[in-house]
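Structural description and commentary
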Amino acid sequence: MSADVALFGHWICPFSTRVEWALHQRGIGHELVSVPPSAARPNDFVIPQEFIDHSPKLEVPMVRVGHEYLAESIPVLEWLEERIDAPSLLPLDLPARELVRERVAWIDQNAFRPMVGVYYGVERDRIERAGQKLVAALDIMGGWANETAWLAGTEASLAEAVAMPIHVRLAGLQRLGLTAPIPSSWAAHGERCRELLGWDAVEWTQEQEDEFVGRFEAFRRMQRRK
Ligand SMILES: N[C@@H](CCC(=O)N[C@@H](CS)C(=O)NCC(=O)O)C(=O)O
């Protein structure tokens, strides 16, 4: 490993998971600096000064490569591709690269948003609607994966990085009210993802899943009392 890489992130943040997975999948050694998002931050947590100094919005993930810093998960994934010479998550062929980028944007828009809507949802019908939108997106993504095994082409790519947090938290989402049946094509893609190098670094333990579910159940109780 040539460059000095650090990820300022946290396991509960799905945007951090994208980057953490890609670093492991590409075999890029890095330091992980745990910065819990405010909703999961213990009262006595001291935010590292380096994070405060370089993060434009005080959001994780933020990455340092050498003396440079960047935040925002998708630009960070692209930046790491440019900056770090390691197995790539972008195909060489330009049209294939464009397909990966198109699908990355599609997943971010059409699957990630409703996914966040499920756990930040408070009213039952809103949670239900977000769940239905998420599952409709998973159905389309599962269809892509059925064709070539992966979300955008014949190899795991940045599209897997962007979608990986959905696999990581699926059981938690189901406990938080995602009731629509998960398409078998999406579940099969999840099984393939579990065989990839990066999986072990981002998979949740039962304790992490319980903490995720517990935090959002508490959030809902608090919102309903308002
Ligand atoms: N668009 C950003 C979103 C990052 C984001 O929303 N991060 C959340 C945690 S999941 C955060 O750090 N929020 C600030 C806070 O809660 O303190 C990305 O793709 O990286």
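First, a word on what this report is: a plain description of the structure on this page.

There is about 850 Å³ of room inside the largest pocket. What lines the largest pocket is a set of 36 residues, among which C13, P14, F15, P37 and Y120 lie closest to the centre. Secondary structure elements with two or more residues in the lining of the largest pocket: helix 1 (14-25), helix 3 (73-83), helix 4 (94-120) and helix 9 (206-225). For the lining of the largest pocket, the element with the highest residue contribution is helix 4, accounting for seven residues. By residue class, the composition of the lining of the largest pocket is 24 nonpolar, four polar and eight charged. Each of domain 1 (5-83) and domain 2 (94-225) gives at least three residues to the lining of the largest pocket.

Time to look at the site of the ligand. The environment of the ligand is made up of C13, F15, P37, S38, R41, L58, E59, V60, P61, E72 and S73. Take V60: an N or O atom from its main chain is 2.8 Å from a nitrogen atom of the ligand. When the ligand sits alone it has 520 Å² of accessible area, and the protein chains cover 75% of it. The cavity where the ligand resides is the largest pocket. Residues belonging to the shell around the ligand are distributed by class as follows: six nonpolar, two polar and three charged.

So, on to helix 1. Taking 1.5 Å of rise per residue, twelve residues should cover 16 Å, and helix 1 covers 16 Å from first to last C-alpha, within 8% of that figure. With ten of twelve residues buried, helix 1 lies mostly within the body of the structure. Among all positions of helix 1, only P14, S16, T17, R18, V19, E20, W21, A22, L23 and Q25 are buried. Downstream of helix 1 by a residue or two, G27 has a phi angle that is positive, lying close to 70 degrees.

The rules behind each value
For every chain, the first residue of its written sequence is number 1, and the numbers climb from 1 along that sequence. Per-residue local features of the predicted model are confined to residues with pLDDT of at least 70, and side-chain atom pairs are confined, for both listing and counting, to 80 or more; whole-chain, interface and lining totals are unaffected and use all residues. Only hydrogens and water are set aside when side-chain values are computed; all heavy atoms of the structure are taken into account. Site definitions follow a grid-based scheme: protein atoms alone, a 1 Å grid, a 1.4 Å probe that fits but cannot get out for cavities, and for pockets an open set with protein on both sides within 12 Å along at least five of seven lines, plus lining residues having an atom within 4 Å of a point. Grid points are joined across faces, edges and corners, and a volume is the space filled by probe spheres set on the points. Numbering goes from the N terminus for both helices and strands, where a helix is a DSSP run of H or I of at least four residues and a strand is a run of E of at least two. Residues are sorted three ways: Asp, Glu, Lys and Arg are charged, Ala, Val, Leu, Ile, Met, Phe, Trp, Tyr, Cys and Pro are nonpolar, and all the rest, Gly among them, are polar. Segment limits for the domains were obtained from an automatic or database-derived domain assignment. Whether a residue is near a molecule or strand is decided by its heavy atoms; if any one of them lies within 4 Å of it, the residue is near. A 3.5 Å cut-off defines polar contacts: any pair of N or O atoms within that distance qualifies, except that in protein one atom must be a possible hydrogen donor and the other a possible acceptor, and neighbouring residues in sequence count only when both atoms are side-chain atoms. Here the Shrake-Rupley method, with its probe set to 1.4 Å, supplies the accessible areas, and only the displayed protein chains count as covering residues. A pocket or cavity is taken to hold a molecule when more than half of that molecule's atoms are within 2 Å of the pocket's grid points. One less than the residue count of a helix, multiplied by 1.5 Å, gives the span that helix is expected to have. Throughout, exposure labels follow a simple rule: accessible area from a 1.4 Å probe, protein chains only, divided by the maximum for the residue type, with under 20% read as buried, over 50% as exposed, and the rest as partly exposed.

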